[in-house]
Amino acid sequence: MEQISILVAGDSAVTVEFGNCISPEINCRVTGFCESLKESRIKGVVEWVPTFRSVTVFYDPVRISFLKLSEKLQKLAGEMNVTRTGRKRVFYIPVCYEEEYGPDMCHVVEHTGLSRQTIIDLHSGRDYLIYMLGFLPGFAYLGGMDERLRTPRLASPRTRIEAGSVGIGDLQTGIYPLSSPGGWQLIGRTPVRPFDERRQKPILYDAGDYIRFVPISGREYREIEIPCNAGNYKCRIEEI
């Protein structure tokens, strides 16, 4: 197993690096480390933030020193059981790809040379690994999009994108959890709220989970939107 690197990140944080590239294998180690860190309950550790290939651990230097924490993190990384992350939790996210909800679909069709239906089939035909969360609360950085769907970002980003919009940016795809500026090509929208402050757990999923997009009609979108807006829609989740 590759050695980890522990880097100073200010006077109250360290970054634990598991590799220097983006890959499901490295990200699996990141996820497994976070699970081990949660279970270890190291005194002085305040919180941690996983990324594609690393974890930044924030700590209270009054309660634990950098050297002591580094020793514990090295030991934890060496002992963690990555196989525990073998479970695959898949969130099925309904998406309407109709023109009303996907204003850039025509551009993606033109750029890729694929038909609208082929784009929908390719985009909804696989499970996407959530490598990390960031940018906005609940924004999932997804891996595994079919390269045939690769489309450059907009030359001029929009100042406002509706919450739930599903877009493509180069070789990535994702859901805008809140209304915000953005430059991705919008091909659909989901009524599901990846972030909802009314929920006990506001962010719907975690890094290490998977998302599968499920095509729905405009009528189905409007039907699902009602319980979503009321805060009582239950997303389909499967553990494989």
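Here is what the cut-offs are and how they apply
- Residues numbered from 1 in each chain as written.
- Predicted model: local features only at pLDDT ≥ 70, side-chain atom pairs only at ≥ 80, totals over all residues.
- Heavy atoms only, no water.
- Buried < 20%, exposed > 50% of the residue type's maximum accessible area, 1.4 Å probe, protein only.
- Helix = DSSP H or I, 4+ residues; strand = E, 2+ residues; numbered from the N terminus.
- Pairing = 2+ DSSP bridges.
- Contact = heavy atoms within 4.5 Å.
- Polar contact = N/O pair within 3.5 Å; in protein donor to acceptor, adjacent residues only side chain to side chain.

Peer 1: Describe the pairing of strand β6 (residues 128-133), and please don't skip the residues or the numbers.
Peer 2: Burial runs high along β6: 5 of the 6 residues are buried. Note: β6 against strand β13 (residues 210-216), 2 bridges, orientation antiparallel. Of the residues in β13, the one forming a bridge with L129 is Y210. Here β6 runs beside strand β7 (residues 140-143); their pairing, made up of 4 bridges, is antiparallel. Among the inter-strand pairings, L133 is bridged to a residue of β7, identified as A140. As consecutive antiparallel partners, β6 and β7 are separated by 6 residues, and within that stretch F135 has a phi angle of approximately 70 degrees, a positive value.

Peer 1: How would you explain the environment of G78 if you had to name every residue and give the values?
Peer 2: Along the chain, G78 falls in helix α2 (residues 66-79). The spacing of G78 and T118 is 40 residues in sequence and 45 Å in space, taken between C-alpha atoms.

Peer 1: Any chance you could break down the environment of E98 for me, citing the residues and the numbers?
Peer 2: By the secondary structure assignment, E98 is in the loop between β5 (89-96) and α3 (105-112). Take E98: its relative accessible area is 37%, and that puts it in the partly exposed class. Separated by 119 residues in the primary sequence, E98 and S217 place their C-alpha atoms 7.4 Å from one another. With residues up to four places along the chain from it excluded, the contact list for E98 reads R116, S217 and G218. Within the local environment of E98, its side chain forms a polar contact with the backbone nitrogen of G218, the two atoms lying 3.0 Å apart.

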